[in-house]
Amino acid sequence: MRVPCLFKSSSANAWLLNSCFTFITLIVLITGSAAQPAYKKRVVMISIDGTPDYLVDRFLKNGVLPPNGAFARMKKSGTYAGTLLPVNVASTGPSHIAIFTGAEPGSTGIVGNSFRQVNQSWEEPPLTAFKQPFSAETIFSAARRQGKKVITLGGVGLDYSDSSRMTDEMFMYPVIAGPSAIYDLKKGEKKIIAGEEYISLVADKETTKPEIRLYKEPVTRCWFYLKDSFINEANVLKPTYQIIADNDSTLENGYMAALKETGWETIRFMHNGKTYSFSANLFLASRTDGRFRIYFSPPAELFGFPDAFMQRLQTACGIWPGEPDNLKQTAGLVPEEKWMEQTGRLASYSKKLILAGMQEANWDLLFGYFSTLDDIQHRYTVTDKRQLDFTAENGNRPARYEKIIGQWFSTIDRYLLEIMDAAPPGTSIIVFSDHGMIPTHSTLLINNYLDGAGFSFTGKEIQAITSGNSAHLYINRKLINSARYPDFLSRLKQSLAGLKDEKTGKPVLLLIADSTEQKNHGLYHAEYSGDLFISCREGYSITSRFVPGAPFLIQNTFDMSLVRDQPEAVSNFLLKGTMNETGRAVHGCLSSVRKGQSVFYAWGNNIPAKKIKKMRSLQITPTVAKLLDIQPPVTATGKPVL
């Protein structure tokens with residue numbers, strides 16, 4: 001190999017300089033290292049709640065997800081799993097905690113989205129995975145322990161309740177702290193305030209007092225005023241109006257928000273030293289008739305650490321906009337287009353949080369979270385012929401709904417691509433989901449069944465605590481003593497094995513597991529697991545609610561027009577149904593249920609292009625640890641896949 005001469009000179013200095021450059025050039029040609037600068041190793045973990053691999057594959061194949069999008073790029077030039085096996089039970093709380101710790105629910109103690117402590121008082125409410133302490137180290141704590149800077153932007157088990165659940169910089173996923181509200185207002189008296197004219201707006205019903213409520217308690221009244229204003233369109237002033245919302249009766253000292261004819265306003269307020277927010281929107285308006293309908297989303301507690309980080313996030317991203325209001329959408333009080341706007345605002349905000357977090361200095365591990373696809377699939381999955389919605393809209397609803405789902409997958413794909421393009425050099429991006437989604441046609445009212453089968457829920461002998469498609473059954477040992485217990489448990493197993501769908505004659509349950517069998521599924525925890533654990537076949541969800549007068553199996557839907565001929569107990573049950581209870585698709589199934597399985601993609605710094613046929617969600621945290629060159633959490637059991 002000939003190395004070119006860089007300088008031509010007879011001087012000794014030039015000869016020396018030429019020799020040095022020749023030596024450096026040789027080193028570069030031999031090692032190539034000068035062309036490959038060393039970057040700081042960083043990892044971004046992104047959870048896309050409720051994303052099944054089968055849908056991503058379908059949308060990539062049929063072009064809903066573009067060939068130059070994020071999923072296509074990760075699949076082509078990164079590592080991906082043909083399927084990711086979630087833990088049992090595959091629901092948001094236990095799945096995320098298992099992923100973060102690399103440990104089974106039987107080790108963490110988070111055995112469901114909801115569950116009981118075996119020895120807690122029978123009258124106390126169930127525990128929740130979103131607040132309950134767990135007995136395992138997370139990847140975030142392990143990284144901090146080993147000198148890494150960690151940023152977390154929403155997620156299960158990340159809050160201020162304990163130092164082990166906090167990170168160097170964090171945004172806690174906001175906690176819903178009260179109900180949403182809708183106010184119908186009409187014109188009242190004219191008022192002159194600071195020389196300007198306002199018209200007070202008063203509640204249409206004298207018994208209705210507009211107010212903000214936290215945990216069922218009113219914390220402040222609300223006053224509304226109509227004010228004429230102008231907008232500038234192409235340098236032409238056009239008349240319009242605003243509705244001023246205030247939390248006291250005096251406008252001179254300012255106000256909470258000014259609602260325009262279109263668009264949302266996010267309002268932040270303090271109460272008892274905590275920060276809350278909600279979003280407001282003008283649902284209906286008739287300036288001529290002087291009548292207006294104003295919507296307030298559920299207030300939510302906001303928390304970020306440290307304060308300066310929270311301030312930077314809110315400067316960059318604004319105030320958290322709130323979640324889509326599922327219960328009021330089911331009741332017909334939130335129109336579908338407004339629900340979609342809520343969903344889009346939260347999805348966009350989640351993306352902005354991640355982009356802003358990546359702008360922080362010297363971080364090593366960052367976690368971000370999208371709830372969007374989980375919300376969408378709960379409401380819009382219609383793929384089972386037994387679903388009430390399957391023949392709705394002259395049979396066109398399944399296709400219309402699938403198009404909606406595809407559009408939102410495309411939106412998240414686009415947001416992921418923005419994140420990938422904005423990531424600092426040297427960043428590895430891990431995209432995963434906690435579970436998939438299974439279409440459902442019926443909801444099992446398990447406590448109704450137990451009570452009718454001679455295992456008294458009303459007599460407090462037994463109760464089931466559910467998580468979507470599965471449930472833990474707890475026997476009251478104060479009523480069923482040790483002498484009666486073996487026979488009671490045996491009869492209970494036999495009865496559940498005979499629980500069949502009256503329309504098909506087929507068993508409803510896929511698994512009936514005592515403590516021994518629960519251990520085989522990684523679910524048994526002596527302090528929290530039920531005497532029995534049950535899980536349904538595909539097509540069914542389970543509810544803990546006891547509904548007198550209702551059958552134990554009800555065809556589920558969010559469309560109340562489809563159940564007008566049903567008994568009042570049935571329609572009332574569906575009207576109040578939660579997303580993972582009466583949703584058109586749910587999670588909480590066993591990891592063996594194919595449509596409940598999820599996704600894993602890795603892309604970026606030194607990640608090879610390869611396919612892993614099948615992997616377990618418990619391998620995600622060890623893989624992240626390897627990319628960061630740290631030891632995984634002490635309780636992690638899986639092996640890295642890279």
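In the block above lies the structure referred to throughout.
Residues numbered from 1 in each chain as written. Predicted model: local features only at pLDDT ≥ 70, side-chain atom pairs only at ≥ 80, totals over all residues. Heavy atoms only, no water.

### A look at the overall build of the protein
Link 1 in the chain: When you go through the protein residue by residue, the secondary structure sums to 17 helices and 31 strands.
Link 2 in the chain: Relative to the globule expectation of 26 Å for 642 residues, the C-alpha radius of gyration of the protein, 28 Å, shows essentially globular dimensions.
Link 3 in the chain: On the principal axes, the C-alpha backbone points of the protein span a range of 105 × 80 × 50 Å.
Link 4 in the chain: By residue count, 55% of the 642 residues in the protein fall in the buried class.
Link 5 in the chain: Partitioning the contacts of the protein with sequence separation of at least 6, the portion at a separation of at least 24 is 69%.
Link 6 in the chain: Counting every atom, the protein has about 28,200 Å² of accessible surface; 51% of that belongs to carbon and sulfur.
Link 7 in the chain: Distance from the positive charge centre (71 side chains) to the negative charge centre (61 side chains) of the protein: 7 Å. (Helix = DSSP H or I, 4+ residues; strand = E, 2+ residues; numbered from the N terminus. Rg over C-alpha atoms; globule rule 2.2 N^0.38 Å. Buried < 20%, exposed > 50% of the residue type's maximum accessible area, 1.4 Å probe, protein only. Contact = heavy atoms within 4.5 Å. Areas by Shrake-Rupley, 256 points an atom, 1.4 Å probe, with all protein chains shown as cover. Lys, Arg positive; Asp, Glu negative; His and termini not counted. Charge placed at Lys NZ, Arg CZ, Asp CG, Glu CD.)

### A closer look at the pattern of salt bridges
Link 1 in the chain: For the coordinates displayed, the defined rule picks out 34 salt bridges.
Link 2 in the chain: With a shortest N-O distance of 2.8 Å, Glu104 and Arg616 are connected by a salt bridge. Of this pair, Glu104 sits in the loop between α4 (92-101) and α5 (105-108) while Arg616 sits in strand β31 (residues 610-616), and the two are 512 residues apart along the sequence.
Link 3 in the chain: The closest approach of N and O atoms between Arg484 and Glu461, which form a salt bridge, is 3.8 Å. Within this pair, whereas Arg484 is found in the loop between β24 (470-475) and α13 (485-497), its partner Glu461 is found in the loop between α12 (446-452) and β23 (462-467), the two being separated by 23 residues in sequence. (Salt bridge = Lys/Arg side-chain N within 4 Å of Asp/Glu carboxyl O.)

### A few points about the nonpolar core
Link 1 in the chain: Among the nonpolar cores identified, the biggest contains 62 residues, and Ile46, Leu153 and Leu416 are the most heavily contacted of them.
Link 2 in the chain: Tallying contributions element by element places helix α11 (residues 397-422) first for this core, with 11 residues.
Link 3 in the chain: Those residues in contact with Leu153 that sit more than four places away from it in its chain are Phe171, Phe309, Leu313, Leu353, Ile354, Gly357, Leu366, Phe367, Gly368 and Tyr369.
Link 4 in the chain: Counting residues in each nonpolar core, the second largest holds 31 residues, with Val150, Ile430, Phe600 and Met615 among its members. (Core = buried A, V, L, I, M, F, W, Y, C linked by side-chain atoms within 4.5 Å.)

### Overview of the layout of surface pockets
Link 1 in the chain: One number sums up the size of the second largest pocket: a volume of about 430 Å³.
Link 2 in the chain: Every residue lining the second largest pocket is counted, 22 residues in all, and those nearest its centre are Val118, Asn119, Ile475, Asn476 and Arg477.
Link 3 in the chain: Residue assignment for the lining of the second largest pocket shows that the elements contributing at least two residues are β24 and α13.
Link 4 in the chain: Tallied by class, the residues present in the lining of the second largest pocket amount to eight nonpolar, eight polar and six charged. (1 Å grid on protein atoms, 1.4 Å probe; cavity = no way out; pocket = protein on both sides within 12 Å on 5 of 7 lines; lining within 4 Å. Points joined across faces, edges and corners; volume = space filled by probe spheres on them. Nonpolar A, V, L, I, M, F, W, Y, C, P; charged D, E, K, R; others polar.)

### Considering the sheet that holds strand β25 (residues 509-513)
Each strand in a sheet pairs with another by means of backbone hydrogen bonds, the pair being arranged parallel or else antiparallel.
Link 1 in the chain: An order of β23-β24-β26-β25 is seen for the four strands of this open sheet, with the pairing classed as antiparallel. Edge positions in the sheet fall to β23 and β25, since each has one partner strand and no second. Sheet twist, expressed as the average angle between the axes of neighbouring strands with direction ignored, equals 20°.
Link 2 in the chain: With four bridges joining them, β24 and strand β26 (residues 532-536) adopt antiparallel strand pairing. Bridging across to β26, His472 finds its partner in Phe533. (Pairing = 2+ DSSP bridges. Axes fitted to C-alpha atoms, helices over the stretch in contact; angles between N-to-C directions.)

### With respect to the side chain of Ser297
Link 1 in the chain: Position of Ser297 relative to the elements: it lies in the loop between β17 (291-296) and β18 (300-302).
Link 2 in the chain: Look at Ser297 and you get buried, because its relative accessible area is 2%.
Link 3 in the chain: What Ser297 contacts, discounting residues up to four positions off in sequence, is Pro179, Ser180, Phe278, Ser279, Pro321 and Gln342.

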